[in-house]
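# Descriptive structure summary
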Amino acid sequence: MKIAPRAIVAGAVVALLVALPLVVKSSFALDILIRILLFAFIGTAWNLLGGYAKQFSLGHAAFFGLGAYTSTLMQIDLGISPWIGMLAGGVAGMLASLPIGWLCFRLRGPYFTIATIATAQVLMLVFLKLRDFAWGAEGTTIPNLGNAPLMMQFDGKAPYYYVVLLLLLLALAITAWLERSRIGYYLVALGEDQDAAEAVGIDVPRVKRDIFMISAFLTAMAGTFYVQYIYFIDPNTAFNFSISIEAALVSIVGGVGTLLGPLIGTVLLETTSALLQSWLGNLAGVQVTVYSVILMAVILWRPTGIMGFLAELNARRRAKRVSS
Amino acid sequence: MVEIVAQAVINGLLIGGIYALVSIGVTLIFGVVKIVNFAQGEFVMIGMYITFFLATQLGLDPLVSLFVCMPVLFAIGVLIQQFLIRRVLGLNDLPQIFLTFALSLLIINISLMLLTPNYRTVHTGYSDEALHFGGLYVPVAKLIAFGVAMLLSGVLWAFLRTTDLGKAMRAASQNREVAQLMGINPNRVFAVALGIALALAGAAGSLLMPFYPAYPMVGQVFVLMAFVAVVLGTLGNVAGALIASLLMGIAESLGIQFIGADSGLIVVFLLLLATLALRPSGLAGGRTR
């Protein structure tokens with residue numbers, strides 16, 4: 001009974017998202033929508049590890065960059081389609097999460113966070129040095145083949161929109177499935193209290209490792225998509241710290257450990273930033289200043305994010321209905 | 001060859017003194033308040049800009065502005081404890097990590113807007129001076145910075161050992177509950193810890209100014225170093241942070257000398273990752289929390 005109306009709402013929202021490019025034709029607006037879906041996707045991937053397991057990574061740029069470089073290297077050096085490169089990049093990200101997790105999970109709380117920052121920075125510095133293998137600091141442009149759907153290159157922006165929409169739906173589906181599965185309950189348990197989770201027999205290191213692998217796989221796919229979209233790659237784009245920051249930010253503002261939190265957080269932050277930009281122009285620092293004020297406000301007043309706030313409103317309304 | 005190594009060690013040791021001021025602050029806050037201050041580097045940056053404006057507007061020597069920077073940043077530290085950090089104490093990791101992280105982003109980006117990303121430098125009479133010992137040279141500005149940094153660390157050490165307030169801080173860092181039962185007012189202790197830590201960051205800013213440019217992101221360099229030093233020197237351990245900072249300054253300098261100008265950070269990060277792999281509890285041993 002309860003599932004049916006929810007499914008209808010979800011179906012309607014997806015239908016709306018699918019229909020959007022039919023109405024929105026301006027490439028500026030589509031660009032903003034693509035950014036929203038992309039960061040919602042990365043945020044949803046981050047949320048698996050950061051939101052449910054409460055392992056607050058600020059190093060997800062590592063996987064974003066590895067995904068971007070894997071597909072680009074395969075495309076330019078071997079002529080392999082980025083569609084395959086995207087999966088290969090996901091696998092590369094997933095494999096990289098094993099040693100990174102092995103190192104970083106030795107630390108807890110803020111020091112886990114710092115260690116993840118360091119790993120992403122090391123990777124960026126390494127790619128800056130890899131002059132012969134990966135173009136070093138100059139980076140490279142991705143050859144423009146015109147309209148080549150098999151090489152993930154399209155004429156207009158609408159096809160890119162659908163690609164990233166599919167990615168986001170994939171991440172949401174995985175999250176929804178995990179929420180209902182055994183591993184989902186393990187995640188929430190270890191997020192609440194690692195020692196207690198271990199005490200009741202959960203294999204904490206294994207659960208952390210598995211969720212980190214999934215999160216890294218998805219984040220790496222986002223990297224491939226992004227460089228295909230902007231036709232350019234260099235270490236500073238691919239491993240930029242701001243990617244790690246935004247992944248965490250959208251999830252926290254939207255509500256960590258909730259299915260739709262990252263999406264809602266991204267919509268709020270990216271629209272704010274787009275409005276600011278059209279109002280103030282491209283003034284350095286404005287966007288992140290506003291982001292950090294929002295982040296601080298959320299932390300001080302609503303640590304459960306927008307989703308937590310909505311749940312609270314809902315509960316209050318229900319309580320009122322019962323009492324009246 | 002020996003001379004090149006010796007010169008690199010001297011350069012690294014001298015800048016390591018500055019790293020020490022920053023990491024002692026980070027480790028002090030972590031030890032006492034149990035919070036990692038992601039914004040510590042930004043207070044170095046604020047110290048640098050205060051020093052810069054005092055030098056360009058009033059012609060104050062950076063060493064004199066030390067006496068302005070330290071009290072101002074002490075006050076900022078107390079305010080931050082009272083109005084921000086106090087509100088997230090006792091909560092879970094998320095607000096504790098991301099509050100100071102948001103503060104760091106905020107300070108950097110407000111500075112970007114107000115001060116532009118331009119590099120600012122202060123040139124003093126001793127900026128280009130150097131002492132020569134055989135083939136080695138020791139830049140005077142860096143030597144002064146190192147000396148003052150070591151002096152301040154020593155004063156802090158004595159303060160923590162001998163005064164009641166210092167002992168209260170050490171007690172609070174060892175066991176907050178018991179300290180509270182012994183009649184120690186945690187809020188006062190926390191405010192002083194924040195104040196001292198930020199004053200040290202401010203001092204680092206003043207000391208850097210004669211030989212290091214100020215720009216909005218400058219703090220990031222120092223805070224990353226500090227984090228590595230604090231892990232390396234065992235979390236919450238002041239002496240450990242000091243020694244680790246000096247070692248890291250040297251490691252960075254050797255990395256720059258022998259691998260390449262942009263490789264200092266790689267060496268430092270690899271040092272961090274190696275520490276995590278081999279001795280996650282830090283060089284001084286003890287618990288990782």
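Note: the structure precedes this text.
## Quick notes on the overall build of chain A
Each helix and strand counted, chain A has 15 helices and 2 strands in total. On C-alpha atoms alone, chain A measures out to a radius of gyration of 20 Å, which is about the 20 Å that the 2.2 N^0.38 rule sets for 324 residues. Considering only C-alpha atoms, chain A reaches an extent of 70 × 50 × 40 Å along its principal axes. The buried share among the 324 residues of chain A stands at 48%. Across chain A, the fraction of contacts at a sequence separation of at least 24, relative to all contacts at a separation of at least 6, is 76%.

## Remarks on helix α2 (residues 27-52) of chain A
Residue and element names in this part refer to chain A. Here α2 contains 26 residues, and its C-alpha end-to-end distance of 36 Å stays within 8% of the 38 Å for a straight helix at 1.5 Å per residue. Helix geometry: α2 is bent most strongly at W46, by close to 45°. Counting buried residues in α2 gives 19 out of 26 residues, a clear majority hidden from the surface. Just past α2, the residue K54 takes up positive phi, approximately 55°.

## What to know about the packing of helix α9 (residues 218-232) of chain B against helix α10 (residues 238-258) of chain B
Residue and element names in this part refer to chain B. Packing of α9 against α10 brings their axes to within 8 Å, and their N-to-C directions diverge by 125°. With respect to α10, the axis of α9 lies oblique. Considering how the two elements wind past one another, α9 and α10 form a crossing that is right-handed. On α10, the residues that touch M225, V228, A229, V230 and L232 of α9 are A241, A244, S245 and M248. A breakdown of the residues in the contact of α9 with α10 according to their chemical character gives 8 nonpolar, 1 polar and no charged.

## So, the pairing of strand β1 (residues 130-133) of chain B
Residue and element names in this part refer to chain B. Sheet analysis places β1 next to strand β2 (residues 136-139), joined by 4 bridges and oriented antiparallel. Its bridge partner lying in β2, A130 is registered against P139. The hairpin formed by β1 and β2 contains 2 residues between the paired strands, and G134 there has a positive phi angle of roughly 60°.

## Things to note about the interface of chain A and chain B
Facing the 33 residues of chain A at the interface are 32 residues of chain B. Grouping the constituent residues of the side of chain A that touches chain B by class yields 24 nonpolar, 6 polar and 3 charged.

## A closer look at the nonpolar core
Core analysis: the largest hydrophobic core is formed by 202 residues, its most contacted members being F41 and V164 of chain A together with L21, V22, A193 and V228 of chain B. The dominant element in this core, judged by the number of residues it contributes, is helix α8 (residues 186-208) of chain B, at 16 residues. Apart from the residues lying within four places of it in its own chain, the contact partners of F41 of chain A are V164, L167, L168, A171 and A222 of chain A.

What counts, and at which threshold
- Residues numbered from 1 in each chain as written.
- Chains lettered and ligands numbered in written order.
- Predicted model: local features only at pLDDT ≥ 70, side-chain atom pairs only at ≥ 80, totals over all residues.
- Helix = DSSP H or I, 4+ residues; strand = E, 2+ residues; numbered from the N terminus.
- Rg over C-alpha atoms; globule rule 2.2 N^0.38 Å.
- Buried ≥ 20, exposed ≤ 12 C-beta atoms within 10 Å, placed from the backbone.
- Contact = placed C-beta atoms within 7 Å.
- Expected span 1.5 Å × (residues − 1).
- Bend = angle between axes of the 7 residues up to and from the residue.
- Axes fitted to C-alpha atoms, helices over the stretch in contact; angles between N-to-C directions.
- Parallel < 35°, antiparallel > 145°, perpendicular 65-115°, else oblique.
- Left-handed = near helix turned anticlockwise from the far one by under 90°.
- Nonpolar A, V, L, I, M, F, W, Y, C, P; charged D, E, K, R; others polar.
- Pairing = 2+ DSSP bridges.
- Core = buried A, V, L, I, M, F, W, Y, C linked by C-beta atoms within 7 Å.

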